[in-house]
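What follows is the residue order along each chain.
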Amino acid sequence: MKQFYLITNAGKDPDQIYTKRIAEYIRSHGGNAVCVDGEKPVSEQVTVSQPDCVLVLGGDGTLLRAARNMMDKDIPLLGINLGTLGYLAEVESSNLESALDQLLQDDFTREERMMLVGRVEKQGVSEENYALNDIVISRCGTLQILTFQIYVNGQFLNSYSADGIIVATPTGSTGYNMSAGGPIVEPCARLLLLTPICPHTLNTRSIILAPEDEIRIEIPQGRDGQMQTVEANFDGSHKITLQTGDHIVIRKAVKTTGILKLNTESFLAVLHKKMSE
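In this text the structure is predicted, and so the values were computed from the model without any measurement. (Residues numbered from 1 in each chain as written. Predicted model: local features only at pLDDT ≥ 70, side-chain atom pairs only at ≥ 80, totals over all residues. Heavy atoms only, no water.)

Draft legend 1. Layout of helix H2 (residues 60–69). For H2, the tally of buried residues reaches seven of 10 residues, placing the bulk of the element in the interior. Along H2, the positions that sit buried rather than exposed are Asp60, Thr62, Leu63, Leu64, Ala66, Ala67 and Arg68. (Buried < 20%, exposed > 50% of the residue type's maximum accessible area, 1.4 Å probe, protein only. Helix = DSSP H or I, 4+ residues; strand = E, 2+ residues; numbered from the N terminus.)

Below you can see the structure in the form of structure tokens.
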């Protein structure tokens, strides 16, 4: 690899100390590094060439935004963790140079991570968005118990009373899904995770579905026929408001996100290390 894009989280590298350090190291070793704005689609920005890799500096949230904005390009991502607990950003700031050496010497593996596509149908208008981690439907505004009608492949599954519903990929299983009590899944698996947030029953658990399944979440009337208002949140960065009568259909996306792996440790070894921090 010789051509790199750098996407930086300005809040975690405000003086671009790490960004400049990485760019200078790459250039001094015969490569090329170009900084791009991670908040905008790359197609909207001036580029000098097709990069071999995108280095994302920050944390898991920064990498998730980059995945959404880079999804039209078949360019793998590598996360460099400048935050605290990161499952996606595997390179720590303490071993930057050794990680860059591996990239420059093509010493890595590439994993294709499953993504979700969610189609929101509201008042006759349809809108699609993508997520690498999860799509979360949760309350908007005042504290209240929400009611959701869940269908899988057109068949009624259950009516949930909860604070929200998470539909996660295996990559997203260590995110909000894990915090809500959902299972942890090997990130290269192919499946869908359906996890209620704070369900108001004692016997509600996560449900694991096949990757070909289609999940439809309808927003019915609330208690006493009240109008419900919720938010569909895509990877924590893009929100769409839904109301009673609206619905969202979630399925596996055709597109995937390429993630570069430098670490030879197994997923379970990394998971043990992260959970012990």
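Draft legend 2. Looking closely at the pattern of salt bridges. This model, assessed by the stated rule, comprises 11 salt bridges. Lysine 255 serves as the salt-bridge partner of aspartate 72, at 2.9 Å between the closest nitrogen and oxygen. Remark: lysine 255 occurs in strand E17 (residues 247–261) and aspartate 72 occurs in the loop between H2 and strand E4 (77–81); sequence separation between them is 183 residues. The exposed category is assigned to aspartate 72, whose relative accessible area is 62%. With a relative accessible area of 33%, lysine 255 lands in the partly exposed category. Between lysine 239 and glutamate 231 there is a salt bridge, with its nearest N and O atoms 4.0 Å apart. Residues participating in the shared-partner salt-bridge network are Asp74, Arg110 and Glu112. (Salt bridge = Lys/Arg side-chain N within 4 Å of Asp/Glu carboxyl O.)

Draft legend 3. A look at the packing of aromatic side chains. Taken as a whole and judged by the stated rule, the model has one aromatic pair. Ring centres of tyrosine 151 and phenylalanine 156 lie 5.3 Å apart, and the angle between their planes is 65 degrees; on these two criteria the pair is classed as edge-to-face. By relative accessible area, which is 22% here, tyrosine 151 ends up partly exposed. For lysine 255, the ring lying beneath its charged end belongs to tyrosine 130, and the centroid distance is 5.6 Å. (Phe/Tyr/Trp six-rings, centres within 6.5 Å; stacked < 30°, edge-to-face > 60°. Lys NZ or Arg CZ within 6 Å of the ring centre and 35° of its normal.)

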